[in-house]
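Survey of secondary and tertiary structure
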Amino acid sequence: RSTLFPYTTLFRSGRAAYFEAMVLFCQASNGDERENYKKRMEEITATYRFTQQMLLTRAYQYEVYSHWYYSAIRSIIGMIGFDGDYDALGARLMPPISGEQARQAVDLLERVGLIKMDAKGNWILNNPAISTGDKVIKQAFINYHTEFIDLAKESITNVPSTERNVSSVTLGISEASYKTIVKCINEFRKKISMIANEDEDGGRVFQMNIQIFPLSK
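Residues numbered from 1 in each chain as written. Predicted model: local features only at pLDDT ≥ 70, side-chain atom pairs only at ≥ 80, totals over all residues. Heavy atoms only, no water.

Helix and strand counts for the protein chain stand at eight helices and two strands. Reading the protein chain from its N terminus to its C terminus gives the helix and strand order α-α-α-α-α-α-β-β-α-α. Residue pairs in contact within the protein chain that sit at least 24 positions apart in sequence constitute 65% of those at least 6 positions apart. (Helix = DSSP H or I, 4+ residues; strand = E, 2+ residues; numbered from the N terminus. Contact = heavy atoms within 4.5 Å.)

Any two side chains of opposite charge can pair if their charged atoms end up close together. Here the structure, examined in full by the defined rule, presents three salt bridges. Arg 204 is the salt-bridge partner of Glu 163, the closest N and O atoms lying 3.5 Å from each other. Taken together, the positions of Glu 163 in the loop between α7 (138-158) and α8 (175-198) and Arg 204 in the segment after α8 put the pair 41 residues apart, joining distant regions of the chain. On the basis of relative accessible area, Arg 204 is assigned to the partly exposed category, the value being 45%. (Salt bridge = Lys/Arg side-chain N within 4 Å of Asp/Glu carboxyl O. Buried < 20%, exposed > 50% of the residue type's maximum accessible area, 1.4 Å probe, protein only.)

Owing to its 3.6 residues per turn, the α-helix brings residues three or four apart onto one side. The terminal C-alpha atoms of helix α4 (residues 68-80) lie 19 Å apart, and with 13 residues this matches the ideal 18 Å at 1.5 Å per residue to within 8%. Gly 81 occupies a position one or two residues after α4 and carries a positive phi of about 80°. (Expected span 1.5 Å × (residues − 1).)

Here a ring pair, both rings aromatic, is described through the centre-centre distance and the interplanar angle of the planes. Following the criterion strictly, the structure yields four aromatic pairs and no others. Between Tyr 144 and Phe 148, the ring centres sit 5.0 Å apart and the planes meet at 85°, which makes this aromatic pair edge-to-face. Of the two residues, Tyr 144 and Phe 148 are both situated in helix α7; the distance of four residues between them amounts to about one turn of the helix. Residue Tyr 144 shares its accessibility class with Phe 148, and that shared class is buried. Three or more aromatic residues joined by ring pairs form one cluster here, namely Trp 68, Tyr 69 and Tyr 70. (Phe/Tyr/Trp six-rings, centres within 6.5 Å; stacked < 30°, edge-to-face > 60°.)

With that out of the way, let us pick up unusual backbone geometry. Most peptide bonds take the trans form, and the phi angle of most residues other than glycine is negative. Note the cis peptide between Met 94 and Pro 95, where omega equals -5°. The topology assignment puts Pro 95 in the loop between α5 (86-91) and α6 (99-112).

Judged by side-chain charge, Asp 32, Glu 33, Glu 35 and Glu 42 come together as a negatively charged surface patch. Position of Asp 32 relative to the elements: it lies in helix α2 (residues 31-59). (Patch = residues over 30% accessible without salt bridge, like charges linked within 9 Å, V, L, I, M, F, W, Y side chains within 5 Å. Areas by Shrake-Rupley, 256 points an atom, 1.4 Å probe, with all protein chains shown as cover. Lys, Arg positive; Asp, Glu negative; His and termini not counted. Charge placed at Lys NZ, Arg CZ, Asp CG, Glu CD.)

Counting residues in each nonpolar core, the largest one holds 27 residues, and the members touching the most others are Trp 68, Tyr 69, Ile 73, Leu 93 and Val 106. Counting residues per element, the ones that place at least two in this core are α4, α5, α6 and α7. (Core = buried A, V, L, I, M, F, W, Y, C linked by side-chain atoms within 4.5 Å.)

It is worth spelling out a nonpolar patch on the surface at this point. There is a patch of nonpolar side chains on the surface, built from Val 169, Leu 171, Ile 173 and Tyr 178 and spanning about 370 Å² of accessible area. When you line up the elements, Ile 173 lands in the loop between α7 and α8.

Topologically, Glu 33 is positioned in helix α2. In this structure Glu 33 comes out as partly exposed when scored by relative accessible area, which is 32%.

Below, the discussion takes up the packing of α4 against α6. Between α4 and α6, whose axes approach to 10 Å, the crossing angle comes to 75°. By the angle class used here, α4 and α6 are roughly perpendicular. Mapping the contact onto sequence places Tyr 69, Tyr 70, Ile 73, Arg 74 and Ile 77 in α4 and Gln 101, Ala 102, Gln 104, Ala 105, Val 106, Leu 108 and Leu 109 in α6. Counted by class, the contact of α4 with α6 contains nine nonpolar, two polar and one charged residues. (Axes fitted to C-alpha atoms, helices over the stretch in contact; angles between N-to-C directions. Parallel < 35°, antiparallel > 145°, perpendicular 65-115°, else oblique. Nonpolar A, V, L, I, M, F, W, Y, C, P; charged D, E, K, R; others polar.)

Okay, the confidence of the model for the protein chain next. Taken residue by residue, the protein chain gives an average pLDDT of 80. The fraction at 70 or more is 80%. Of all the helices and strands in the protein chain, helix α1 (residues 5-27) carries the lowest mean pLDDT, 64, while α5 carries the highest, 95. Per-residue pLDDT stays below 50 along residues 1-11; that stretch engages in nine contacts with residues further than four places along the chain or on separate chains. (pLDDT = per-residue confidence, 0-100.)

Structure below.
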């Protein structure tokens, strides 16, 4: 069976639900009913678009997560935009990449639907967040995290201590405590994401890695 089957079913049921809401909207006898059915149609449309984007991102996820600078470039475009100078875009990164690499990144992000060109010819974010759903390609994320861990190691010697924060702690804990700590990490990561999303004065892209792994059997 095709992995697209659940989404195909969702799209069909979504169209049927939208058509039903549209008919009821047209038949509504008062303003409140029409408003309710209008909101229902908007919700169905938003769900359909989100699912389409999730499916498209999943189809390209190996490429999206194959190089660390794809997500970094997307963040730069989200903060300050992009006027088409690929050499300048690549030079903003640490470490810098070539203009051709920056061009390939922008082309991929556009193809996946994560960025778009506005009416003035500038690149902007098409969606505020990336989601691939629950199913991901394992090797894609191995490559993704490995590259960022390598960059974190390099930052210890290449980035001034005033511009980075590296710390660690060795723990002796039970399985139950491990699960509690992982839960705390997940909650902390979400809080950090909220802080970043609410920051309207962003000027630089940072990468935050959080790791916890066994040192003994």
